[in-house]
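Here's the letter readout for the chains.
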Amino acid sequence: MSSSSTSIMDNLFQRSLEDLIKGFRLQLLGESNFISRALEEIRREIKVTDLSTKSTALHKLSYLAALHGVDMSWAAFHAVEVVSSPRFQHKRIGYQAITQSFHEQTSVLLLITNQVRKDLNSANEYEVSLALECLSRIGTHDLARDLTPEVFTLLGSSKAFVKKKAIGVVLRVFEKYPDAVKVCFKRLVENLESSDPQILSAVVGVFCELATRDPGSCLPLAPELYKVLVDSRNNWVLIKVLKIFAKLASVEPRLGKKVAEPICEHMRRTVAKSLVFECIRTVVSSLSDHEAAVKLAVAKIREFLVEDDPNLKYLGLNALSIVAPKHLWAVLENKEAVVKALSDEDPNVKLEALHLLMAMVNEDNVLDISRILMNYALKSDPLFCNEIIFSVLSACSRNAYEIIVDFDWYVSLLGEMARIPHCQRGEEIEHQLIDIGMRVRDARPQLVRVSWALLIDPALLGNLFLHPILSAAAWVSGEYVEFCKNPYETVEALLQPRTGLLPPSIRAVYIHSAFKVLVFCLRSYFSAEESTLSFSAQEFSSASSSMNAFTYESILNLVNVIELGLVPLSGTHDVEVQERTKNVLGFIVMIKQDLSEKLNLQDSETEVFRVTAFMEDVFSEELGPVSATAQEKVCVPGGLELKENLGDLEEICGEFLKPVESDSVSYTDKISFSVSKLRIRGQQEASSSTSPPHEASSLLAEHRKRHGMYYLPSQKDDPESNGNDYPLANELANEISPDPFNPKKNPNKSKQRPVVVKLEEGDESRNPPQAKSNIETVNDDESLSRAIQSALLVKNKGKEKDTNPNSEQQKQEESSRIEDHQNSEKKKKKKKKKKNGESSSKHKSRGRNEVASASEQVIIPDYLL
Amino acid sequence: MTCLIMLASGIHFVLLVSRQGKVRLTKWYSPYAQKERSKVIRELSGVILNRGPKLCNFVEWRGYKVVYKRYASLYFCMCIDQEDNELEVLEIIHHYVEILDRYFGSVCELDLIFNFHKAYYILDELLIAGELQESSKKTVARIISAQDQLVEVAKEEASSISNIIAQATK
């Protein structure tokens with residue numbers, strides 16, 4: 001009695017959801033305080049036995065969970081209790097709470113099976129609808145399995161309201177419990193001929209989803225779907241059917257020919273933009289071989305592009321980018337609209353336009369497009385500016401700079417990019433500057449010029465995002481110092497006091513580059529000396545050609561400048577900087593004495609001469625590009641277990657170190673050595689036998705001989721010749737005949753494209769990781785598609801049995817089924833008969849076929865095409 | 001966050017957010033944990049509320065597309081897959097708004113605040129498992145009013161004095 005009286009009190013004085021909402025708007029406590037009070041109240045009320053109090057509490061809780069992110073998983077059991085109420089309004093609240101909060105792991109899920117079954121069988125169609133909705137959202141394997149019979153019954157319901165919801169649920173049931181396909185599939189297919197647009201829409205929606213998962217399994221339904229495509233005037237249905245055909249056509253190209261015409265028909269006829277767009281998308285993505293259809297689609301795209309509606313503009317650009325890879329003309333035709341869209345106020349439209357513009361880029365127009373884009377980048381907001389820079393960088397570097405002919409121009413462009421105020425793509429530019437240096441020998445002089453300009457630009461040092469570019473510029477000036485006009489100035493730039501703004505790692509690159517410049521200067525000074533002694537003055541002048549001759553004073557001056565710049569750095573905290581500094585200073589100490597003592601350094605026995613020669617050898621190795629897959633090409637030596645759990649090894653190793661193991665350890669040492677070599681110095685591969693063996697390079701050659709397997713195979717193929725030997729540019733010129741049909745518009749074109757070193761394979765493109773995940777999802781859906789296939793196979797078997805006696809005639813009729821479906825009254829009757837025969841034969845054949853057919857591929861009958 | 005599995009087809013979720021960033025309705029057709037839900041709402045309302053008025057109604061977001069449309073002070077957002085039809089979803093949103101309008105009689109934000117559950121029930125008649133199930137406004141209105149009536153009758157019964165007495169003396 002007492003408990004029931006408190007329940008009455010609760011019931012009478014309980015705050016309803018409306019009270020709660022009102023309270024929320026008037027509350028002065030602060031939101032979180034108010035929520036925790038309300039929760040307290042709900043926790044108390046929800047425990048009461050009275051179902052209306054309980055359901056109101058649950059209702060309030062769902063509200064808080066939906067809009068304020070309150071956890072409601074603790075009330076799962078109460079939701080089950082409320083659902084079991086006989087009253088509709090309680091049930092509704094209960095089901096809503098369940099759909100909102102239950103997931104696969106909810107433990108009380110097991111308790112609702114019977115309740116859901118009861119409601120699915122209810123005479124009240126609204127209760128059935130609640131249960132169906134719930135199932136569509138939270139259905140698990142068990143629920144789907146247990147309730148398949150009920151869903152099957154409802155699929156045949158006479159009430160359209162229930163039937164369409166049952167169809168909506170089927171997808172979830174199939175997904176969770178593929179065996180349900182055997183039971184329900186036939187009823188589902190029958191509904192494709194329904195005259196009720198809602199039912200048709202629902203069933204087409206299901207097939208659309210099934211086709212997305214596994215197009216092959218829906219292929220046999222092509223005739224039925226084709227009929228819908230031609231007959232239906234309901235845009236919702238048509239959009240879905242188009243989606244299905246887009247999927248089907250991708251696995252069965254012959255289908256494209258059949259559907260292209262009706263799709264064009266819809267495109268011409270309809271005024272609904274959503275349908276037009278779906279037609280366009282279907283054509284450009286799946287029917288891109290059907291010229292007439294593509295032409296019409298592109299015409300429609302153009303209509304979209306000139307509209308004021310930003311949605312249509314965006315979608316038009318979007319469709320263009322789908323069509324671009326196969327039909328570039330479509331983009332070129334709309335070039336003006338695309339360029340105009342670049343200055344659109346909507347960032348989405350701008351981005352889409354940018355992607356399109358990049359799709360258009362080729363050898364001939366890369367200069368123009370890049371110029372346009374750089375201008376846009378200068379005046380865009382930072383985000384879009386960097387998007388532009390990134391697009392240009394990735395388009396130009398695609399496939400080892402495929403579209404770049406004039407590398408001098410491109411290198412200058414990279415330099416320009418660094419000067420765009422918003423530029424944040426430093427790392428990408430850094431990578432390309434170095435990459436071009438390594439790959440394109442002919443671009444090096446310009447590269448050095450650009451780097452020099454970057455190094456002396458005072459504005460760049462202060463910008464954090466541009467530091468990587470400076471690092472590349474410093475490296476280039478050191479590595480390719482032979483193209484440098486004035487090494488002295490380079491050294492000054494590298495050691496300028498403002499380099500203190502750089503992070504230590506980049507500073508180290510600066511110092512090391514200065515070292516390279518110094519060695520180069522010394523070396524050229526000595527060789528000049530040598531030649532003056534051994535040759536006549538005339539020959540000397542030609543030998544030193546473009547190089548400024550170094551005088552004794554200038555060398556001494558250079559050494560002093562470097563020493564002066566570096567001495568303060570020898571006490572830096574950063575080890576990398578300190579070490580580099582010490583290296584250079586140590587070298588200077590070694591040479592300085594000789595240098596200051598002897599004016600005449602022609603004696604090759606002097607310390608300074610030997611040291612310089614040695615250092616030059618060290619730096620003379622040319623770096624080449626490293627394949628992205630280089631690491632993978634290092635095969636694991638036998639006896640090296642990488643996947644084994646090393647924890648077990650401890651037991652054995654703990655006692656004594658076996659000789660075998662020590663062997664393998666040294667093996668790994670060697671690997672890491674050679675790999676790090678590969679990484680740091682690029683391939684210092686094989687100075688090879690053709691060049692005179694220097695000290696350092698002969699060591700390398702030795703190393704290569706011993707560990708050839710760890711070097712890139714591109715050199716392995718041909719160990720005799722030097723791996724880094726560039727074919728001369730004019731050698732290649734003989735192979736490429738100039739295109740007589742292409743009038744040379746710009747002067748740059750007359751320039752021969754320099755040789756770009758390209759590794760055999762796996763250089764740029766690596767297999768995208770999606771491929772793998774795709775396979776996995778296929779596996780996930782495999783059981784479902786197998787079930788559908790077997791269901792369809794059974795269906796076709798039935799047909800065949802029926803058609804067997806007069807198969808020839810039947811076949812013809814079938815083929816005309818698509819052609820003239822309008823006057824097919826007679827055939828419809830025949831088909832009905834067929835269906836009957838089918839269902840009887842189905843029962844006979846199912847048991848037999850189930851297993852065998854599972855693996856069989858469904859073959860689309862030829863007559864459909 | 002990329003580990004989200006989108007089980008549902010069609011629409012993954014529906015959000016109603018006010019111009020001030022208050023959430024007015026959420027409906028999830030794909031499984032999201034409660035924490036993820038709050039994060040998604042925060043992220044998306046940040047993106048969408050900051051977009052200017054004359055821009056297109058689509059936003060790319062985590063590899064999906066969010067189609068949104070503003071009606072008065074409310075933003076209606078629906079999340080779909082890349083290959084879904086944006087214009088169709090815009091039509092669904094408009095459809096929903098029209099039904100709400102018909103049901104409440106020129107709907108305003110306050111109607112949805114106080115009848116938040118009704119907005120849910122209407123959405124449930126419109127979409128099932130993220131797919132459009134009813135394209136006739138009249139039918140939805142009829143179904144909803146029939147269910148309302150069912151509830152009204154039951155409510156009257158329940159709140160009658162005799163019923164309360166019967167309960168108390170149970």
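Scoring rules and cut-offs
Residues numbered from 1 in each chain as written. Chains lettered and ligands numbered in written order. Predicted model: local features only at pLDDT ≥ 70, side-chain atom pairs only at ≥ 80, totals over all residues. Heavy atoms only, no water. UniProt positions renumbered as here; feature names shortened; annotations may be inferred. Helix = DSSP H or I, 4+ residues; strand = E, 2+ residues; numbered from the N terminus. Buried < 20%, exposed > 50% of the residue type's maximum accessible area, 1.4 Å probe, protein only. Contact = heavy atoms within 4.5 Å. Areas by Shrake-Rupley, 256 points an atom, 1.4 Å probe, with all protein chains shown as cover. Pairing = 2+ DSSP bridges. Phe/Tyr/Trp six-rings, centres within 6.5 Å; stacked < 30°, edge-to-face > 60°. Lys NZ or Arg CZ within 6 Å of the ring centre and 35° of its normal. pLDDT = per-residue confidence, 0-100. Buried area = accessible area lost by both parts, 1.4 Å probe. Salt bridge = Lys/Arg side-chain N within 4 Å of Asp/Glu carboxyl O. Axes fitted to C-alpha atoms, helices over the stretch in contact; angles between N-to-C directions. Disulfide = S-S within 2.5 Å. Core = buried A, V, L, I, M, F, W, Y, C linked by side-chain atoms within 4.5 Å.

For chain B, an unreviewed UniProt entry supplies the name AP complex subunit sigma and the organism Camelina sativa. According to the UniProt record, the Sequence similarities (unreviewed entry) comment for chain B is "Belongs to the adaptor complexes small subunit family."

Under an unreviewed UniProt entry, the name given to chain A is AP-3 complex subunit delta, and the organism recorded is Camelina sativa. The record in UniProt for chain A states the following under Sequence similarities (unreviewed entry): "Belongs to the adaptor complexes large subunit family."

Turning our eyes to something else, we now look at the overall build of chain A. Helix and strand counts for chain A stand at 44 helices and 0 strands. Among the 865 residues that make up chain A, the fraction classed as buried is 52%. If you take every contact in chain A between residues at least 6 apart in sequence, the share linking residues at least 24 apart comes to 72%. Taken as a whole, chain A presents about 41,300 Å² of accessible surface, with 54% of it coming from carbon and sulfur.

To continue, consider the overall build of chain B. Within chain B, the secondary structure is distributed over 6 helices and 7 strands. Starting at the N terminus, the α and β elements of chain B follow one another as β-β-α-β-β-β-α-α-α-β-β-α-α. The 170 residues of chain B split such that 57% are buried. Looking at chain B as shown, the accessible area adds up to about 7,200 Å², and 56% of this sits on carbon and sulfur atoms.

With 4 bridges connecting them, strand S3 (residues 58-61) of chain B and strand S4 (residues 64-71) of chain B associate as antiparallel partners. Counted as the bridge partner of B:Trp61 is B:Tyr64 from S4(B).

Tallied over the entire structure, the rule returns 20 aromatic pairs over all chains. When the ring of B:Phe13 is compared with that of B:Trp61, the centres are 6.0 Å apart and the planes differ by 85°; the resulting orientation is edge-to-face. Of the two residues, B:Phe13 is situated in strand S1 (residues 13-18) and B:Trp61 in strand S3; the sequence distance between them amounts to 48 residues. Comparing B:Phe13 with B:Trp61, the two get one shared label, buried. Taken together, A:Tyr401, A:Phe407, A:Trp409 and A:Tyr410 form an aromatic cluster joined through their ring pairs. Looking at A:Arg92, its charged tip hangs above the ring of B:Tyr121, at a distance of 3.6 Å from the centre. The ring of A:Phe152 is capped by A:Arg187, whose NZ or CZ atom sits 4.1 Å from the centre of that ring.

Residues and elements named next belong to chain A. With 71% of its residues at a pLDDT of 70 or more, chain A shows a mean pLDDT of 75. Between residues 714-749, whose pLDDT stays under 50, and residues either more than four places distant or in other chains, the model counts 42 contacts. Long-range and interchain partners of residues 762-778, a stretch whose pLDDT sits below 50, account for 13 contacts in this model, where long-range means more than four residues apart.

So, about the interface of chain A and chain B. If you look at the interface, chain A gives 69 residues, while chain B gives 66 residues. Approximately 5,700 Å² of surface area, both sides summed, lies buried where chain A meets chain B, with 52% of it carried by carbon and sulfur atoms. Joining chain A to chain B, the criterion identifies 7 salt bridges. The partner of A:Asp346 in a salt bridge is B:Arg51, with the nearest N and O atoms 3.1 Å apart.

For the rest of this paragraph, the subject is the environment of A:Met438. All names here are of chain A. Positionally, Met438 belongs in helix H26 (residues 426-439). On the basis of relative accessibility, which here comes to 12%, the residue Met438 falls in the buried class. Note: C-alpha distance between Met438 and Val476 (38 residues apart in sequence) is 9.5 Å.

Residue and element names in this part refer to chain B. Judged by pairing direction, the sheet is antiparallel, and its 5 strands sit side by side in the order S2-S1-S5-S4-S3 without closing on themselves. The open sheet has two edge strands, strand S2 (23-28) and S3, and neither has a second partner. Strand-to-strand twist in this sheet, taken as the mean axis angle between neighbours without regard to direction, amounts to 20°. Here S4 pairs with strand S5 (residues 74-80) via 7 bridges, running antiparallel.

Before going further, it helps to examine the pairing of S4(B). All names here are of chain B. With respect to burial, S4 is a largely interior element, 6 of its 8 residues being buried. Between S3 and S4, which pair antiparallel and follow one another directly, the connecting turn spans 2 residues, one of which, Arg62, has a positive phi of 50°. The hairpin turn running from S4 into S5, its antiparallel successor, is 2 residues long, and Ala72 in that turn takes a positive phi close to 50°.

Our next topic: the pattern of salt bridges. Tallying each qualifying case throughout the model produces 46 salt bridges over all chains. Among the salt bridges present, the one from A:Asp146 reaches A:Arg145, with a minimum N-O distance of 3.2 Å. A relative accessible area of 26% places A:Asp146 in the partly exposed class. B:Glu43 serves as the salt-bridge partner of B:Arg62, at 2.9 Å between the closest nitrogen and oxygen. Of this pair, B:Arg62 sits in the loop between S3 and S4 while B:Glu43 sits in helix H1 (residues 34-49); the two residues are 19 residues apart in sequence, bridging distant segments of the chain. The class of B:Arg62 is partly exposed, set by a relative accessible area of 28%. Here the residues in one salt-bridge network are A:Arg15, A:Glu41, A:Glu45 and A:Lys60, joined through shared partners.

Turning our eyes to something else, we now look at the state of the cysteines. Counted according to the given criterion, the structure contains 0 disulfides over all chains. No disulfide involves A:Cys208; its nearest neighbouring cysteine sulfur is the one of A:Cys218, lying 9.4 Å away.

What follows concerns the nonpolar core. Of all hydrophobic cores here, the largest spans 295 residues; its most connected members are A:Leu64, A:Phe174, A:Phe185, A:Phe207, A:Leu210, A:Tyr410 and B:Tyr96. It is helix H31 (residues 504-534) of chain A that contributes the most residues to this core, 13 residues altogether. Apart from residues lying up to four places away in sequence, A:Leu210 is in contact with A:Leu171, A:Phe174, A:Phe185, A:Cys218, A:Leu784 and A:Ile788.

Okay, the environment of A:Glu482 next. In this structure, A:Glu482 sits in the loop between helix H29 (467-479) and helix H30 (487-494). The spatial distance from the C-alpha of A:Glu482 to the C-alpha of A:Ser524 is 9.5 Å, given a sequence separation of 42 residues.

Moving on, we come to unusual backbone geometry. The backbone of A:Asn399 sits at a positive phi, close to 50°, despite the residue not being glycine. With respect to the helices and strands, the residue A:Asn399 is situated in helix H24 (residues 382-401). The residue B:Ser106 is not glycine, and still its phi comes out positive at about 45°.

Attention now moves to the confidence of the model for chain B. All names here are of chain B. Per-residue pLDDT for chain B averages 83, and the proportion of residues at 70 or more is 87%. Highest mean pLDDT in chain B belongs to S5 (93); lowest belongs to helix H6 (residues 161-168) (66). Contacts from residues 1-8, a stretch scored under 50 in pLDDT, to residues over four places away or in other chains number 22 contacts.

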